[in-house]
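What follows is the residue order along each chain.
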Amino acid sequence: MNVSNPLSIPLVFHPIYSQLDLPNRHRFPIEKYQAIYDRLTSLGVPTCQFHQPHALAPAQLARVYSPEYVNALTGGGLESKAMRRIGFPWSEQLITRSLTAVAGTVLTSSLALEHGKALNLTGGYHHAFANFGSGFCLFNDLYLAALNMLQMPTINKVLIFDCDVHQGDGTAKLASNNPKVFTVSIHGEKNFPHRKQVSDLDFPLTKGTEDSEYLHTVEHALDLAFSTFKPDAVIYDAGVDIHINDDLGHLNISTQGVYARDCMVFDACKKYGVPVAAVIGGGYQRDIDALVDVHLQLYRAAGVIA
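Overview of the structure. (Residues numbered from 1 in each chain as written. Predicted model: local features only at pLDDT ≥ 70, side-chain atom pairs only at ≥ 80, totals over all residues. Heavy atoms only, no water.)

Description of the pairing of strand β5 (residues 181–188)
Defined as follows: The classification of residues rests on relative accessible area computed with a 1.4 Å probe and restricted to protein chains. Under 20% of the type maximum is buried, over 50% is exposed, and intermediate values are partly exposed. Think of it this way: any DSSP run of H or I at least four residues long counts as a helix, any run of E at least two long counts as a strand, and we number them from the N terminus. If you view a crossover with the strands going away from you and the path from the first strand over the helix to the second runs clockwise, you call it right-handed. At least two DSSP bridges between two strands are required for those strands to pair.
Counting buried residues along β5, eight of its eight residues qualify, which places the element largely inside the surrounding structure. For the crossover that starts at strand β4 (residues 158–162), traverses helix α7 (residues 169–175) and ends in the parallel β5, the hand is right-handed. As paired strands, β5 and strand β6 (residues 201–205) are joined by five bridges and run parallel to one another. Bridging across to β6, H187 finds its partner in P204.

Some points on empty space enclosed by the protein
Operational definition: A pocket, in this scheme, is an open set of points on a 1 Å grid over the protein atoms alone with protein on both sides within 12 Å along at least 5 of 7 lines, while a cavity is a set where a 1.4 Å probe fits but cannot get out; residues line either one if an atom lies within 4 Å of a point. Grid points are joined across faces, edges and corners, and a volume is the space filled by probe spheres set on the points. Residues are grouped as follows: nonpolar covers Ala, Val, Leu, Ile, Met, Phe, Trp, Tyr, Cys and Pro; charged covers Asp, Glu, Lys and Arg; every other residue, Gly included, is treated as polar.
Counted by the stated rule, this structure contains two cavities of 30 Å³ or more. Estimates place the volume of the largest cavity at around 60 Å³. Across the lining of the largest cavity, the residue classes break down as eight nonpolar, one polar and one charged. Looking at the second largest cavity, its volume works out to about 50 Å³. Considering the residues around the second largest cavity, the lining is formed by G188, E189, K190, N191, L205, T206, K207, G249, H250 and L251. Of the residues assigned to the lining of the second largest cavity, the class counts are two nonpolar, five polar and three charged.

Regarding the pattern of salt bridges
What counts here: Whenever Lys or Arg places a side-chain nitrogen within 4 Å of a carboxyl oxygen from Asp or Glu, that contact is recorded as a salt bridge.
On inspection of all chains with the given rule, the structure shows three salt bridges. Put simply, R27 and D247 hold a salt bridge, and the shortest N to O gap is 3.2 Å. Taken together, the residues R27 in the loop between β1 (11–12) and α1 (32–42) and D247 in the loop between β7 (233–237) and α9 (255–272) connect sequence positions 220 residues apart. Of the charged contacts, one joins D262 and R261 as a salt bridge, the two residues approaching to 3.0 Å between their closest N and O atoms. Considered together, D262 and R261 belong to a single accessibility category, that of buried residues.

With respect to the packing of helix α5 (residues 92–115) against helix α6 (residues 141–149)
Threshold: What counts as an axis is a line fitted to C-alpha atoms, over the stretch in contact for a helix, and the angles between N-to-C directions run from 0 to 180 degrees. By convention the crossing between two helices is left-handed if the near helix lies anticlockwise of the far one by an angle smaller than a right angle, and right-handed if it lies clockwise. Working rule for contacts: check all heavy atoms of both residues, and any pair within 4.5 Å makes them a contact.
Closest axis-to-axis distance for the α5/α6 pair is 9 Å, and the angle between their directions is 35 degrees. The two elements α5 and α6 meet at a crossing, and its hand is right-handed. Residue-level contacts link V102, T105, V106, S109, S110, A112 and L113 of α5 to D141, L144, A145, N148 and M149 of α6. Of the residues belonging to the contact of α5 with α6, the class tally is seven nonpolar, four polar and one charged.

Notes on the side chain of N140
Quick note on the threshold: Pairing of N or O atoms within 3.5 Å defines a polar contact, subject to two protein rules: one partner must be a possible hydrogen donor and the other a possible acceptor, and residues neighboring in sequence count only if both atoms are side-chain atoms.
With respect to the element layout, N140 can be found in the loop between β3 (117–120) and α6. Of the polar contacts made by the side chain of N140, one reaches the backbone nitrogen of Y143; its length is 3.0 Å. Those residues in contact with N140 that sit more than four places away from it in its chain are Y65, Y125, H126, A128, G170, T171 and L174.

So, the nonpolar core
Defined as follows: Buried Ala, Val, Leu, Ile, Met, Phe, Trp, Tyr and Cys residues that are joined via side-chain atoms within 4.5 Å together make up what is termed a nonpolar core.
With 110 residues, the main nonpolar core has L40, L119, L121, F161, V184, I186 and Y299 as its most contacted residues. Looking at this core, the element that brings in the most residues is α5, giving 10 residues. Residues contacting F161, with those up to four places away along its chain left out, are V184, I186, V218, A221, L222, V234, I235, Y236, D237 and V265.

Some remarks on the packing of aromatic side chains
The following threshold applies: The aromatic pairing rule takes the rings of Phe, Tyr and Trp, using the six-membered ring of Trp, and pairs them if the centres are within 6.5 Å, calling planes under 30 degrees apart stacked, those over 60 edge-to-face and the rest tilted.
Taken as a whole, this structure holds 15 aromatic pairs when the rule is applied. Here F13 and Y17 contribute two aromatic rings whose centre-to-centre distance is 5.5 Å and whose plane-to-plane angle is 80 degrees, an arrangement assigned as edge-to-face. Look at F28 and F136: their rings are 5.1 Å apart centre to centre, the planes differ by 65 degrees, and that puts the pair in the edge-to-face class. Residue F28 is located in the loop between β1 and α1, and its partner F136 is located in the loop between β3 and α6; the two are separated by 108 residues in the primary sequence. The pair F28 / F136 is uniform in exposure class, with both members buried.

Keep in mind these numbers describe shape, not what the thing actually does.
Next up, the structure:
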């Protein structure tokens, strides 16, 4: 695995990640994906380092998830109550954007196996279940990427290490009967979703948790996950809604704390010699520039930028 040269770390992006017309003051910061790309290129990351995904076909998703749900959602026939649970108004644009974003995480997982490390500029749609979407998540990209990694003969076990402030409930449920996929969730105890699922390892945190306790928890979770499961590959959800300034997080983690967490995950993967595919997860500050600053910690920790 060649990850010593920052140019060898593949990044995955498509402009459609930020192309979704939403109602005024909608809670989802759709602009952030393009803003992260713009910031990375302004810091000197060459455009040739970015790989562009092609949208998955609904039939590809229907082989893994409920065909009835996939077909109803992609065809515009999902009932309004189910769309409200997702949190977006239905549009062709939404479907194309989602199918491309999910494809981006699958591509990232393939590139990680090839290069040792790869990062998507979106991803972490962990509230999507087999037969319904929730919390801005239509299709679960993390589980799909894990199954993609498992297609490789050298990969027998995949760890999904989820540090988004919201529990990866859809991922936990999807992987619950798959012994080859191990799920870890470090999340806010009193945060969405109100009904939690059971991951292989869950670490619920109290409101106001600060850097020291948080980083100790991450270290403990990594040690447990690697020692008990011994994964061949890792998918990392680097959600930054843990940040002290996040509107939906309720934790008090500093920007430096986010960076330290991301470093710990990459260092653990390096120590155990396993490839890692990272996605950016949640982050809900309305100040997009400030939000991008926090998301950029992932790319600093990975060695993409200084």
